[in-house]
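Read off the chains here:
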Amino acid sequence: MWVNIPMKIPMFLLKILQIQLNKWLNIQNVYENPIFAQGIKNPRIGPGSKKSLAYRIKASSEDPSETSEVGEVFSNLKEKWDALENKPMAVVYGGGAAVGVWLSSTVVNAINSVPVVPKFMELIGFGYTGWFIYRYLLFKSGRKELADDIEVLKKKIIGSE
């Protein structure tokens, strides 16, 4: 799938952007490709124009194993679904979780619409984050306690305790 993107930005920013995009995407400059440069009619928009440059970006996967990983995930999900004994209850739990997420989103949006409350909640969040860092991350004994608590929680969830 090809997408033409017109850009109007300074040249030094364009070069920085081009370097980053070349790292992450398979990119080809339209004006450097003779097939596409012939179709340009506007003389102001062409090779070397600082006003507008267009790029053709081709989305492609460099790693062919990504598609097999997706297939493995779906096959694992299908195996787990087939192994479930009480499928209707799993559907009820999933539906309940979706309703819970929707309801909590509605409540948060309602609270967020009150003028002073969002800033107050942000302040509470900063305070809790600072306390958490001081309590669990700043000192070695706190980090060990946090790691132990996480291990206990994992064992409770897995069911080995």
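- Under an unreviewed UniProt entry, the chain has the name Cyanobacterial aminoacyl-tRNA synthetase CAAD domain-containing protein and belongs to Centaurea solstitialis.
- Its UniProt record gives the chain a comment under Subcellular location (unreviewed entry), which states: "Membrane".

1. Observations regarding the confidence of the model for the chain
Thought 1: Summing up the model confidence of the chain, the mean pLDDT is 75 and the portion of residues at 70 or higher is 58%.
Thought 2: Considering only residues more than four positions removed or in separate chains, one finds that residues 33–43, a stretch of pLDDT under 50, has eight contacts.

2. Topic: the packing of helix H5 (residues 117–137) against helix H6 (residues 140–158)
Thought 1: Taken N-terminus to C-terminus, the directions of H5 and H6 make an angle of 95 degrees; their axes are 6 Å apart at the nearest point. In terms of axis orientation, H5 runs roughly perpendicular to H6. Counting all contacts with H5, which are made through Phe132, Arg135, Tyr136 and Leu137, the residues of H6 involved are Gly142, Arg143, Glu145, Leu146 and Asp149.
Thought 2: The residue makeup of the contact of H5 with H6, split by class, is four nonpolar, one polar and four charged.

3. Considering H6
Thought 1: Here H6 is 19 residues long and its end C-alpha atoms lie 27 Å apart, about the 27 Å a rise of 1.5 Å per residue gives.
Thought 2: Just downstream of H6, Gly159 is the residue with a positive phi angle, here 100 degrees.

4. Re the UniProt feature "transmembrane region" (unreviewed entry) in the chain
Thought 1: Look at the UniProt record and you will see "transmembrane region" (unreviewed entry) annotated at residues 90–108 and 120–138.
Thought 2: Helix makes up 100% of residues 90–108 and strand 0%, with an end-to-end C-alpha separation of 27 Å.
Thought 3: For residues 120–138, helix accounts for 95% and strand for 0%, while the C-alpha atoms at its two ends are 26 Å apart.

Rules of the game
Residues numbered from 1 in each chain as written. Predicted model: local features only at pLDDT ≥ 70, side-chain atom pairs only at ≥ 80, totals over all residues. Heavy atoms only, no water. UniProt positions renumbered as here; feature names shortened; annotations may be inferred. pLDDT = per-residue confidence, 0-100. Contact = heavy atoms within 4.5 Å. Axes fitted to C-alpha atoms, helices over the stretch in contact; angles between N-to-C directions. Helix = DSSP H or I, 4+ residues; strand = E, 2+ residues; numbered from the N terminus. Parallel < 35°, antiparallel > 145°, perpendicular 65-115°, else oblique. Nonpolar A, V, L, I, M, F, W, Y, C, P; charged D, E, K, R; others polar. Expected span 1.5 Å × (residues − 1).

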